[in-house]
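# An overview of the molecular structure
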Amino acid sequence: MLLLALPAALQAAPNASSSASGTSRPAASAAGTDVIEREVYASPEQAGRFVIEHEEINMAPSTTGSVNEVLRMRALVQFDQNSRNSLIGGDITPPRVSIGGGRYYENNFLLDGISISNNLDPSGFNSSTSDGSSVAPSGEAESRFIDPDLVGSLTVYTSNVPAEYGAFTGGVISAKIREPRTDGIHLSLKYRHTSDSWARQHYLPGQARYSTNAASYQPEFTKHEYSLSLETPFSSASGAMHGAALLSYTEKRSIIPVYDTTNRAEKHNTLRLNRNLLLKLTERFSDDFKASLTTAWIPYEGEYYAQANRRGSRFTAVGGGLSMQLDTENTFSLGLLDTTLSFQHSNLDRDGEGNAIYTWRSASTNAYANWGTSTTAMEGFAGDYTQSKNQFTLKPVFTFNPLRTGWLKHALKAGGEFSYLKFKANHVGSSLYMWSGSSNLNTPTNSPYNTDAVGDLKDGVVTGEQWLNRRTSYAPWHKNLGVTQAAFFVEDTIQLERISFRPGIRVSYDDISNNVDIAPRTLLNVDVLKNNLLNLHAGYNRYYGTQIMNWAMYNNTNFSTETRDSWDQPWTSTPPVRPLASRNLGDLDSPYNDEFSLGAEVNIWKAAFRLEAVKRKHRDQIRSIPDPDGPAGVSNNRKYSNGGKTDYEGLSFEIEKNLNLYWAGKHRLLFTASKSESKTSFRTDLGFAEGANLISPDYAMYNGEIVLKDVMPPNNFNNPWVLALSDGMSFLNDRLRLHNVVRYEKGGDGVFYVGSRTGISPDTLTIYEYVDGHQPSSLYYDLSAEFDLLKCKGGTLTLRIEIMNVFDRKILANTEKSVSGNGTDSYMMGRQLYAGMQYKF
């Protein structure tokens, strides 16, 4: 109706000049108010794409100090229901996001054009608390967490993604490191702080207010963030300024006190630590050649306890890594060649003390094993586990100068991406000691207790107290895997009067699946009034995903069980050595997504209005299923399957407008709304690691009936309505800056877990039973404010305050809740204050 009712206003509207971000951009003022002052308008380049500039990234309220937080201003982006859980206030990992019905690990995260997605295992750092011999450490969807202050712009594609981008079925989130300033030497010092005493934490009945050693329960925490950056130009021999350098170090440190539950009086501090050390050098050697070299070290560490009541199970999960990247721009007579040569090293490790776990008999009268439960006292750690990925990438992209053939104008772009990835995994081996058989404390021959026992603790003997008679040993192993990936793309934007058509194609290959994937990309746009103010667009696109490598790296480690008749007798092997559970990568197709879109963009009253409908069919999604052909005698044989699918329909609407209200300040207003629905055959976010061996991958009992799982609603990333309103404000000649974000998420349908049933599934496997559940609606209001306290001699001292959940709303998250009240129920964090200072000149 809006498009039909206001043709006169459209015809009278002035023309606007385009830019890369879809906004007209006057030169930035000295105060840095470019985001506030520039005008906004609709353009065909805006279809399914938005760009967030440095100033807005810097002002966005953030609980974790991550780039992902700025996406809360966009209703199209769905967030993990537990991303602000009150029980994990100490975490500093980025929140998980879903785009277009994809899972959070199906996005492609790019840094300066090169993927930093974690394809080793994105199950989450908190999932690494298990230290079983066959359980690999895991990380988040991104392999490294970049400091938002280093990001010059963030480009996000939610639909109509150009052929240049691949390896995703969700969306593309592309961060670009900002350019060093060339107008002099600039120094910045920054500090930011919060703690549990600055937060309102809400608890359900029965949730005690004391710390445990569980990674998912952190009611006490203190966060510190330190940042130092230096920017300086450098000159040539003639004295002309040709280059500049940026050196930056940021440290986010979260201290989480925990109690050692083996001794309630002992309290320890665990740590979460994310560091960014970056050096970027840029040099323009001539008008036709520019180069930049970026080196970054971005590690992450988290300290955890593998098990709440196990002594000596503290360990460190380590992620992140090192990267070096050379970017060049060469201008030729035919166009511009951008070339990237990149090396990345990333790792996911688990480091602890020892490689043996002991299950002692516990008693308060014991001299040694007097902790734990009423019957057992556990001790030890199952050994270090290391994983790494070295990635070498060459990415040339050639953008041809515009050319004309008859009535047609062409903007042609072509390129490729070639990568070699070397994966390594290593486990040192481990042993499990326990007592096997009956335990009659009155009969010494049937009891672990014996005051005559003499031996070494490491061999399962507590001298004068007890001994253990069973040992399961897991052999050490090492595995290497090399993967070659190649992709080519070509794309042409063809202009005929007011009609533009962007056909493109991307062809990709990797030698682990040996699949050749051909992905067509198309976008048709009609500039109705031929002044770039009213555009109608439609698109069809196919996107191919990539493989998660954790099972490709899985090693079927052999293990053996040994017993002994007395503490002073040798160990003897009982059954023959046999493998652990089988993991079969199988012959997989690449998961893909067919997308259909239809939309409109219009600019009236100096405001941009955008409307788009998107339908996606995710097919061949990778999940795990029981493997009946696995090794005999193994109880948990599983393999990958392309049996997953998700159907997504979404409708989005945006209004963007800048206002100058003089004494009432300058405002950049953005309102976005999204309505969506997803149906999926996955019952977990991590489809590639779904289910246990004998659980049916296809069937479930839902509201009393046996159904295919794909008729059930998802339990996360499924809010049917999301509304988001943000307002970036500037007052007092940009001395006071405010940024407000209000986000409403309507509660979505979900399921509650009831239990399991056997003997009734069509595939004869055990099925899980669910009933209808519901995720309550949520409303957040977050605010950030900066005030320049002091300006003198080119230096500025700034105070920054951030308040999350300003109105302290009690918001319940009940994903995966069971009808008995157990599960992951909790409240989101209440009102929380962050405060910091920054000095820069």
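It should be emphasised that the depicted structure is a prediction, and the values quoted were computed from it without experimental measurement. (Residues numbered from 1 in each chain as written. Predicted model: local features only at pLDDT ≥ 70, side-chain atom pairs only at ≥ 80, totals over all residues. Heavy atoms only, no water.)

## Some points on the overall build of the chain
Filter applied, for reference: Secondary structure follows DSSP: runs of H or I at least 4 residues long count as helices, runs of E at least 2 residues long count as strands, and numbering of each begins at the N terminus. For every residue, the accessible area (1.4 Å probe, protein chains only) is compared with the maximum for its type, and the residue is labelled buried under 20%, exposed over 50%, or partly exposed between those bounds. We get accessible surface area from the Shrake-Rupley algorithm with a probe of 1.4 Å; when it comes to residues, only the shown protein chains can shield them.
Within the chain one finds four helices and 48 strands. Relative to its full complement of 841 residues, the chain shows a buried share of 57%. On the chain, roughly 34,400 Å² of surface is accessible, and the fraction owed to carbon and sulfur atoms is 58%.

## Details of the sheet that holds strand S39 (residues 705-708)
Inclusion rule: When DSSP locates at least two bridges between a pair of strands, those strands are taken to pair. Each axis is a line fitted through C-alpha atoms, and for a helix only the stretch in contact is used; angles between axes span 0 to 180 degrees, taken between their N-to-C directions.
Within the open sheet, the four strands sit side by side as S39-S38-S43-S42. Their pairing is mixed. The sheet is open, and its two edges are formed by S39 and strand S42 (749-757), each paired on a single side. Strand-to-strand twist across the sheet, computed as the mean angle between neighbouring axes with direction ignored, equals 40°. Of the pairings in the sheet, the one linking S42 to strand S43 (residues 767-774) comprises eight bridges and is antiparallel in character. Within S43, the residue paired with Tyr753 across the bridge is Tyr770.

## Some words on the packing of aromatic side chains
The condition that has to hold: Only rings of Phe, Tyr and Trp enter the pairing, Trp through its six-membered ring, and a pair is recorded when the two centres are within 6.5 Å. The plane angle decides the type: under 30 degrees is stacked, over 60 is edge-to-face, the rest tilted.
Enumeration over the complete set of coordinates arrives at 30 aromatic pairs. Measuring from centroid to centroid gives 5.6 Å for Tyr474 and Phe559, while their planes differ by 25°, and the two rings are stacked. Taken together, the residues span a long stretch of sequence, with Tyr474 in strand S25 (residues 470-474) and Phe559 in strand S30 (residues 558-563) at a distance of 85 residues. Each of the two residues, Tyr474 as well as Phe559, counts as buried.

## Focus on the pattern of salt bridges
Selection rule: The salt bridge definition used is simple: a Lys or Arg side-chain nitrogen within 4 Å of an Asp or Glu carboxyl oxygen.
This model, assessed by the stated rule, comprises 42 salt bridges. With a closest N to O distance of 3.6 Å, Glu164 and Lys395 form a salt bridge. Note that Glu164 is positioned in the loop between strand S6 (151-157) and strand S7 (172-177) and Lys395 in strand S19 (residues 385-400), a separation of 231 residues in sequence. In this pair, the class of Glu164 matches that of Lys395, namely buried. Here the salt bridges share partners, and the residues they tie into one network are Arg192, Glu225, Arg737, Glu786, Asp788, Lys791, Arg800 and Glu802.

## Here's the deal with the sheet that holds S7
Ordered in space as S1-S6-S7-S4-S5, the five strands form an open sheet in which the pairing is mixed. With one partner strand each, in any of the chains shown, strand S1 (49-53) and strand S5 (114-115) form the two edges of the open sheet. Summarising the sheet, strand S4 (residues 108-111) and S7 pair through four bridges and their orientation is parallel. Paired with Leu111 across the bridge in S7 is Ala175.

## Notes on the side chain of Thr270
The following threshold applies: We call two residues contacting when some pair of their heavy atoms lies within 4.5 Å.
Examined against the element boundaries, Thr270 turns out to sit in strand S11 (residues 267-286). Under the relative-accessibility criterion, Thr270 is labelled buried at 4%. Residues within four places of Thr270 in sequence aside, it is in contact with Ser254, Ile255, Ile256, Val258, Glu303, Tyr305 and Arg314.

## Concerning the nonpolar core
As a reminder of what qualifies: Take the buried Ala, Val, Leu, Ile, Met, Phe, Trp, Tyr and Cys residues and link them wherever side-chain atoms come within 4.5 Å; each set so joined is a nonpolar core.
Among the nonpolar cores identified, the biggest contains 39 residues, and Ile52, Leu71, Ile146, Leu154 and Ile173 are the most heavily contacted of them. Counting residues per element, the ones that place at least two in this core are S1, strand S2 (77-79), strand S3 (97-99), S4, S6, S7 and strand S12 (289-305). Residues contacting Leu71, with those up to four places away along its chain left out, are Phe50, Ile52, Val77, Phe79, Leu154, Val156, Ile173 and Arg743. One finds Phe125, Tyr300, Phe423 and Met549 within the second-largest nonpolar core, a separate group that totals 22 residues.

## Some thoughts on the confidence of the model for the chain
Heads up, the rule is: Every residue carries a pLDDT, the predictor's confidence in it, which falls somewhere between 0 and 100.
The pLDDT averaged across the chain works out to 86; a share of 86% of its residues lies at or above 70. Note that pLDDT drops below 50 for residues 1-42; the model gives that stretch 98 contacts with residues more than four away or on any other chain.

## So, unusual backbone geometry
Not every positive phi belongs to a glycine, and Asn703 is a case in point at roughly 55°. Positionally, Asn703 belongs in the loop between strand S38 (699-702) and S39. What makes Asn703 partly exposed here is its relative accessible area of 39%. Its identity is not glycine, yet Lys793 carries a phi of approximately 50°, on the positive side. Among the structural elements, Lys793 can be located in the loop between strand S44 (778-792) and strand S45 (795-804). We classify Lys793 as exposed; its relative accessible area is 89%.

## Structural notes on the side chain of Ser248
In this structure, Ser248 sits in strand S10 (residues 241-259). Setting aside residues no more than four positions away along its own chain, Ser248 makes contact with Leu150, Leu228, Ser229, Asn276, Leu277 and Leu278.

## With respect to the environment of Ile760
Inspection of the secondary structure puts Ile760 in the loop between S42 and S43. C-alpha of Ile760 to C-alpha of Ile706: the two residues are 54 residues apart in sequence and 8.3 Å apart in space. The contacts of Ile760, once residues within four sequence positions are left out, are Met701, Ile706 and Ile767.

## A short note on the pairing of S44
Bridge count for strand S41 (residues 736-745) against S44 is 10 bridges, and the pairing is antiparallel. Directly across from Glu745, in S44, lies its bridge partner Ser778. Pairing geometry for S44 and S45, over nine bridges, is antiparallel. Opposite Leu790, over in S45, you have Leu797 as the bridge partner. In this antiparallel pair of consecutive strands, S44 and S45, the connection spans two residues, and Lys793 shows a positive phi of 50°.

## Examining the pairing of strand S48 (residues 832-840)
For a regular strand, side chains alternate in direction, first toward one face of the sheet and then toward the other. Here strand S8 (residues 186-195) pairs with S48 via six bridges, running antiparallel. Residue His193 lies in a different strand from S48, and its bridge partner there is Ala835.

## Considerations on the environment of Asp492
Formally: Any N or O atom pair separated by 3.5 Å or less is treated as a polar contact, with the protein-specific requirement of one donor-capable and one acceptor-capable atom, and with residues adjacent in sequence counted only for side-chain atom pairs.
On the secondary structure map, Asp492 appears in strand S26 (residues 477-496). The spatial distance from the C-alpha of Asp492 to the C-alpha of Gly504 is 6.4 Å, given a sequence separation of 12 residues. In this view, Asp492 contacts His410, Ala411, Leu412, Phe501, Arg502 and Pro503; residues no more than four positions away in its chain are not counted. At 2.7 Å, the side chain of Asp492 and the side chain of His410 are in polar contact.

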